[in-house]
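In case you want the letters, here they are:
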Number of protein chains: 2
Amino acid sequence: MATRKPHPLSAVSFTQVSLHDAFWAPRQRVNRKITLPIEYQQCRKTGRIDAFKLEWKPGLPNEPHIFWDSDVGKWIEAAAYSLMTHPDKKLEARIDGVAALMARAQQPDGYLNAHFTVVEPEKRWANLSEWHELYCAGHLMEGAVAYYEATGKRAMLDVMCRYADLICKVFGRGPGQKRGYCGHEEVELALVKLYRATGAKRYLSQAKYFIDERGQAPNYFKLEAEALQKKGWKKLGWVGSDYSYCQAHRPVREQGQVVGHAVRAMYLYCGMADVATETGDATLRPALKRLWNHLTHRRLYVTGGIGSTRHNEGFTFDYDLPNETAYCETCASVGLVFWAHRMLQLTGDGEVADILERTLYNGALSGVSLDGKRFFYANPLAVYPAACTGAQAHVAAERQEWFGCACCPPNIARLIASVGQYFYSQSEKAAWIHLYAQGDAALRVAGQTVRLRTDTRYPWDGEIRMRLAMPNPARFTLALRIPAWCPEASLAVNHTPWRVQSARGYTKISRRWESGDVVNLRLSMPVLQVEAHPKVRGNCGRVALQRGPLVYCVEQVDNGRELRDLTLPAAARFRPAFVKSLLGGVTVLRGRAFRRHPREWRGGRLYRMAPTRRQAVPITAVPYCVWGNRAPGQEMLVWMNKEPDQGARSDIRACKANERKGRE
Amino acid sequence: MATRKPHPLSAVSFTQVSLHDAFWAPRQRVNRKITLPIEYQQCRKTGRIDAFKLEWKPGLPNEPHIFWDSDVGKWIEAAAYSLMTHPDKKLEARIDGVAALMARAQQPDGYLNAHFTVVEPEKRWANLSEWHELYCAGHLMEGAVAYYEATGKRAMLDVMCRYADLICKVFGRGPGQKRGYCGHEEVELALVKLYRATGAKRYLSQAKYFIDERGQAPNYFKLEAEALQKKGWKKLGWVGSDYSYCQAHRPVREQGQVVGHAVRAMYLYCGMADVATETGDATLRPALKRLWNHLTHRRLYVTGGIGSTRHNEGFTFDYDLPNETAYCETCASVGLVFWAHRMLQLTGDGEVADILERTLYNGALSGVSLDGKRFFYANPLAVYPAACTGAQAHVAAERQEWFGCACCPPNIARLIASVGQYFYSQSEKAAWIHLYAQGDAALRVAGQTVRLRTDTRYPWDGEIRMRLAMPNPARFTLALRIPAWCPEASLAVNHTPWRVQSARGYTKISRRWESGDVVNLRLSMPVLQVEAHPKVRGNCGRVALQRGPLVYCVEQVDNGRELRDLTLPAAARFRPAFVKSLLGGVTVLRGRAFRRHPREWRGGRLYRMAPTRRQAVPITAVPYCVWGNRAPGQEMLVWMNKEPDQGARSDIRACKANERKGRE
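Residues numbered from 1 in each chain as written. Chains lettered and ligands numbered in written order. Predicted model: local features only at pLDDT ≥ 70, side-chain atom pairs only at ≥ 80, totals over all residues. Heavy atoms only, no water.

Peer 1: Help me get a handle on helix α1 (residues 24–45) of chain A, residues and values and all.
Peer 2: Spacing of three or four residues puts side chains on the same side of an α-helix, whose turn is 3.6 residues. Residue and element names in this part refer to chain A. Given a rise of 1.5 Å per residue, 22 residues ought to cover 32 Å, and the 29 Å separating the end C-alpha atoms of α1 matches this to within 8%. Most pronounced at Asn 31, the bend in α1 amounts to some 40°. Of all the residues in α1, the buried ones are Trp 24, Ala 25, Arg 27, Gln 28, Asn 31, Thr 35, Leu 36, Glu 39, Tyr 40, Gln 42 and Cys 43. Elements that come into contact with the buried residues of α1 comprise β2 (17–19), α2 (68–85), α3 (89–105), α13 (350–364) and α14 (408–417). One or two positions beyond α1, positive phi appears at Gly 47, with a value near 90°. (Helix = DSSP H or I, 4+ residues; strand = E, 2+ residues; numbered from the N terminus. Expected span 1.5 Å × (residues − 1). Bend = angle between axes of the 7 residues up to and from the residue. Buried < 20%, exposed > 50% of the residue type's maximum accessible area, 1.4 Å probe, protein only. Contact = heavy atoms within 4.5 Å.)

Next up, the structure:
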């Protein structure tokens, strides 16, 4: 990522964008009509909402869990986003109901937490490293801000401001204040949202305090652990003494490697970026860039998934990206989209948009089924159902209806409900188009509202037509992203060819625009056979298929069992074909591979001393984001064996010849 | 495995065999001079021997652990075997010292267990499923029997007979007896040894009882768990309610799949085979054959390692043989050698000898370093040092000096000390030669002692010369094993060619033999590129190198980092070369492979859209059994990527042509 002075990009609200495409629009409809009601019912059924009644007593069922409040907060946020584009009295009434419970649950001093009010009141703020109080507060704040923006109703916002005021009072460097911060980051970015919604600078300062204090010596979590031990209060042991698990091993400005729990890391980096943006604090940027480069050059799955092991639900070591045991939590990819979105405004760098797109269209979206009713917690890149047990029990071969730890379902819901915001940015002199989809946008550029109508079948093909409309002709720049996956792009303005000059991932058209102007962009979309770095040991000798922004996988339902035994020939070619009737309409990739003849393995032998004859078989690959929607609980594979290109063979012949010469 | 009436083979004692070869003789010397003294010192240092003084009290260090006695028992057994071939007063005195401690530690009723006498006396026999009392008893019995055979001294044997008598009294189906058996099998085979040494039939009957009772309904472990709960005594949770973990899920005669903890399984099957042999009970044989076939056709690593996960230290599901996370405990391969040895006497089947050889020369032997000072607990087939942590912490990238659970070091020591017994069998009318090595054997055949002198460089080449000597000429059969790895064998008797007719893995020469007769056997030893069944998903597209009985691996010290990125060409050939100066003198395999050009991965990119140029590099493979003896803590790999044979490519061209025809 370049280090030059960042562009002054501004994020847009998803309310400025409406998608009418065949890829996102159906997802948003299902999210609104199916997923949100289901998640509400789950929150009710499991007691997450009633927990705010504070009626739980020892012996009763549904003891409020320390992170339940966060699930409700995320659901409220997702529901509020849906209300902004699709008003719904019934849904609004539901949220008002929860708001009322929250108001009643709030303590006189402003404290609001179902678990620590009724289950362990004596332990309030006692174990910040593990007990998620500020994390829960953050998600409730995000929900309250979203609901306020959706409806103008202040009730929930006021409740959360009172709680935030208490947090400002309790935590800080002043006399009598706790010099702590949360083990699970989240409240930092939430306080910035609260500041933006209310204009109250103290919330921004509090967010900055949490960012600045994190990882300072003496380590707060160490002191806290000693205090807990004195009191004889047990720790869960998540953190232990390895503070990198929650990115508190050193001050954030000194951090250069993405470490620990992946979701926590993403939320921290979002908070850092927000504070950098709002305070103009330039000292955070170098760390953000180091962390970004480390993640994207060393620890990112090709799907945009992150987190290589269930052991810490997070990062392990450089290039350690196992496919079958991957964690790749849905929340972590959602969090990466959030962080990338912030980095994109800070840098205007197309490489950042490439990662945002990769993550959004693959590792995040795979977290929810097409019917919106089931969810993945982990999103591995290879699934072998029989292995999804014991040490790999964290990997489910099919999406689940709900989870005891239900962070992912509402997280993917709020992402989909607000996905429009990732497509554009605006600035005084430019309109930025990061992603492409059929639909309309209204961007604030050059002091007026520029309307942009996009016609395209993206992501299924790269033909994009954009029509501009605005009150008055004006001079500004249209910045169009040329994705890294695209080897060849062509452009026309009002049907006159225009040279594509991609700089840092964008080609810019600066001219005097007027209503009716038409821009045609053609992005070639070949089927790419992606290779991973040789140090990614699990992918050596393998390729992943990608076309446009979509990473593909092979499924058992199309290709039979034992997908790992498929090998692509050196000259493998794939034909894209759009199948309207399949998975809501997707482009599949058809080609051929080798497979060993099962006939040669009759008689129960486990090993053979001679090579097995192989047969050529047709194979079909589907987008990773829709895998597991037909015959759940079957095999899936992203990285397929591929034989080396012919060049290698000639190279080895040359090498032999040289050695012969040497002997003569 | 054939089901025909078993041959009446008899095992030989290793005292009938002396190996003077360059492969085993040095291992036995190091085992005697280095390993045994080290293990004694470790047992002292850690308190395992002093534990028998019964002086431990709460608060003191070195609290006797529930399985410590077994480590001492195995060390005594190994040391006794060494005494049989190499008398050593100092060593004998050491063992006498331990014997005296054991005698004093024995309780008036015969009970002998350091832990349950001083740490938890109230819990004697309370948790058979987890607390290893009978397992410890078994290893002490094996040690006592071996020491008695080595020295004729009865002291320790008498102690263990008194303990065995108590066990006979406590466990059984009679009134007032506990109807239990041990969660960790071992005492069954030990009681048979005690019976053979003493002639006391009650020990054989007790072994048979433990075998017969195992897994009967109602399940003893279930009742036991309920009783423990009533008493409020915690279980370790190893077994839980999955009794297949310790092969107690159903009666042994109804078992057909190898399941659960691998070492426990091997010891059980040994006990079953011993009882079948000694009692002539034919009802155990079908189960033994089903279990043998299931193990060798579905759950056996190419090295003879067993146990696919640390989760249960044992078996998972069919064809699940991951390389990097393999458990392959040294004890499990040692146990498999024990079981195969028993099955070989029962069946005379060369397939059994093939597995015995594979396991002995690879997965078992890798458990100890060439200098005899360090040990592997797990023997994975791929090691990537950075990954040996977290979820893979059970895999050590280098051998260790000792373990908290030190079952493996004395187990490999007793195997090496007595390895001669695996080379031959004898019967009234035949001398069986299963394995080949330079050395002398004295076999009881045709009523006299037939001396056999073998000259060979096996396992480094397949030229074998055998010279017979005997008091009187006699007619009998010489059964020579033709290994499954050998594609071509030739034979001569007194320099006259003799047709090789291999039936069930043996070629038999029946004639009138006399002193001075010479047999020349030539076994071709090509470098084999072994393939695993297509369902072994981790090995698809890969081969393992094998020459003779030895499986090979590539090490970082010879081939650089990132071994997983090596790909063998379709026409890969390997040249064997004996290197006297290397690893005590081994035959290495030299060939060529492809590697991706690191140059094409500059600039920190993690993925690229185009194929990487490859370079041909020379590679060197060494025997798996000696890996990690040069630069410990580095990468190692058994299964290497290999490009498909040319046949596959022509097949795919044909397939394309057909489709074109179809379209025309």
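Peer 1: Tell me about the domain arrangement of chain A, residues and numbers included.
Peer 2: Residues and elements named next belong to chain A. Taken as a whole, chain A is organised into domain 1 (22–231), domain 2 (242–415), domain 3 (424–523) and domain 4 (549–601 + 618–663). A straight line from the C-alpha centre of domain 1 to that of domain 2 covers 21 Å. Contact with domain 1, which involves 48 residues of that partner, is made by 46 residues of domain 2. When domain 1 packs against domain 2, the two sides together hide about 3,800 Å² of surface, and 63% of this comes from carbon and sulfur. Put simply, domain 1 and domain 2 have six salt bridges between them. The salt bridge partner of Arg 414 is Glu 77, with a shortest N-O separation of 2.7 Å. If you look at where domain 1 meets domain 2, you find 14 residue pairs in polar contact (both at pLDDT 80 or more). Those elements that provide at least two residues to the side of domain 1 that touches domain 2 are α1, α2, α5 (133–151), α7 (187–198), α8 (201–213) and α9 (220–231). Ranked by the residues each element gives to the side of domain 1 that touches domain 2, the list is headed by α1, at eleven residues. Tallied by class, the residues present in the side of domain 1 that touches domain 2 amount to 20 nonpolar, twelve polar and 16 charged. (Domains from an automatic or database assignment. Buried area = accessible area lost by both parts, 1.4 Å probe. Salt bridge = Lys/Arg side-chain N within 4 Å of Asp/Glu carboxyl O. Polar contact = N/O pair within 3.5 Å; in protein donor to acceptor, adjacent residues only side chain to side chain. Nonpolar A, V, L, I, M, F, W, Y, C, P; charged D, E, K, R; others polar.)

Peer 1: Residue-level account of the pairing of strand β17 (residues 550–555) of chain A, with values.
Peer 2: For a regular strand, the rule is simple: side chains alternate between the two faces of the sheet. Residue and element names in this part refer to chain A. Counted residue by residue, β17 has six buried out of six residues, so it is predominantly covered. Alternating positions in β17 separate into two faces, Leu 550, Tyr 552 and Val 554 on one and Val 551, Cys 553 and Glu 555 on the other, with burial throughout. Of the pairings in the sheet, the one linking strand β16 (residues 542–547) to β17 comprises two bridges and is antiparallel in character. Among the inter-strand pairings, Gln 546 is bridged to a residue of β17, identified as Val 551. Hairpin remark: β16 followed by β17, antiparallel, with two residues in the connecting loop; positive phi at Gly 548, about 60°. Pairing geometry for β17 and strand β23 (residues 636–637), over two bridges, is antiparallel. Of the residues in β23, the one forming a bridge with Glu 555 is Met 636. (Pairing = 2+ DSSP bridges.)

Peer 1: So what about the relation of the copies chain B and chain A? Which residues, and what values?
Peer 2: The transformation that overlays chain B on chain A combines an axial shift of 0.0 Å with a rotation of 180°, and the residual RMSD is 0.0 Å. Here the two chains are linked by the operation of a two-fold rotation axis. By C-alpha distance to the rotation axis, the residue of chain B lying nearest is Glu643(B), at 2.6 Å. (Least-squares fit on C-alpha atoms with pLDDT ≥ 70 in both.)

Peer 1: Describe the confidence of the model for chain A, listing the residues and the values that go with them.
Peer 2: Residue and element names in this part refer to chain A. Taken as a whole, chain A shows an average pLDDT of 94; of its residues, 96% reach a score of 70 or greater. Below pLDDT 50 for its whole length, residues 1–6 participates in 17 contacts with residues either more than four positions away or in separate chains. With a pTM of 0.94, the predicted complex shows an ipTM of 0.93. (pLDDT = per-residue confidence, 0-100.)

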